[in-house]
Amino acid sequence: MVEPMRKTQKRCYDNRVRIEEVMEKLLSGMSRPSVITFAKSQYGVSRSQAYLYVSKAEVEIREVVERDRPTWLAYHLEVRRDIRYRANLAGNLRIALDSADSESKLLGLDVPQIRLAASVKMVAGIDMSELV
């Protein structure tokens, strides 16, 4: 025989479901204020309680991202490389370059413009200010 949930168990279950629904809204792109408004109206809670659900959901999202960081990095690199490949096939060098720049930033290879100009001058002997 299955025992009915006690009041505290039901409250914990309800909170868990609410946090997961709030997480889903945040991950779908809803703004934080919109999610707070959603939680207030959907669950009939105060603004501070809705804010608490959002805060807990954000903590859980950050934990998942940190735990799975290598997987997320690999995914985003793959997306950018696919975009660059398709841009090259279409002859769209602007998008290909933007994608390569985005990829280099993900890998921590982005170089501030001043250092880049100095590097180009040192390696190629070209003063970038003369190119403008």
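A short tour of the structure in this document, coming up. A quick note: this is a predicted structure, and the numbers were derived from the prediction, not measured. (Residues numbered from 1 in each chain as written. Predicted model: local features only at pLDDT ≥ 70, side-chain atom pairs only at ≥ 80, totals over all residues. Heavy atoms only, no water.)

### Quick word on helix 5 (residues 93-106)
For step 1, the next point in the chain: Across its 14 residues, helix 5 extends 20 Å between first and last C-alpha, which sits within 8% of the 20 Å expected from 1.5 Å per residue.
For step 2, the next point in the chain: Within the span of helix 5, buried status applies to Ala96, Ser99, Glu103 and Ser104. Buried residues of helix 5, viewed axially, fall in a sector of 140 degrees; they line one side. Relative to its buried face, helix 5 has exposed residues pointing more than 90 degrees away, namely Arg94 and Lys105.
For step 3, the next point in the chain: The secondary structure elements touched by the buried residues of helix 5 are helix 4 (69-90).
For step 4, the next point in the chain: Residue glycine 108 follows helix 5 closely and has a positive phi angle near 80 degrees. (Helix = DSSP H or I, 4+ residues; strand = E, 2+ residues; numbered from the N terminus. Expected span 1.5 Å × (residues − 1). Buried < 20%, exposed > 50% of the residue type's maximum accessible area, 1.4 Å probe, protein only. Arc of directions from axis to C-beta. Contact = heavy atoms within 4.5 Å.)

### Digging into the pattern of salt bridges
For step 1, the next point in the chain: By the definition in use, this model includes 9 salt bridges.
For step 2, the next point in the chain: Glutamate 60 serves as the salt-bridge partner of arginine 16, at 2.7 Å between the closest nitrogen and oxygen. Here glutamate 60 lies in helix 3 (residues 47-67) and arginine 16 lies in helix 1 (residues 7-27), a separation of 44 residues in the sequence.
For step 3, the next point in the chain: Linking aspartate 82 and arginine 86 is a salt bridge whose minimum nitrogen-to-oxygen distance equals 3.0 Å. Of this pair, aspartate 82 and arginine 86 both sit in helix 4, 4 residues apart, roughly one helical turn.
For step 4, the next point in the chain: For aspartate 82, a relative accessible area of 36% puts it in the partly exposed group.
For step 5, the next point in the chain: With a relative accessible area of 51%, arginine 86 lands in the exposed category.
For step 6, the next point in the chain: Look at the salt bridges and you will find they share partners, linking Arg16, Glu20 and Glu60 into a network. (Salt bridge = Lys/Arg side-chain N within 4 Å of Asp/Glu carboxyl O.)

The quantities given are spatial measurements derived from coordinates; they are silent on function.
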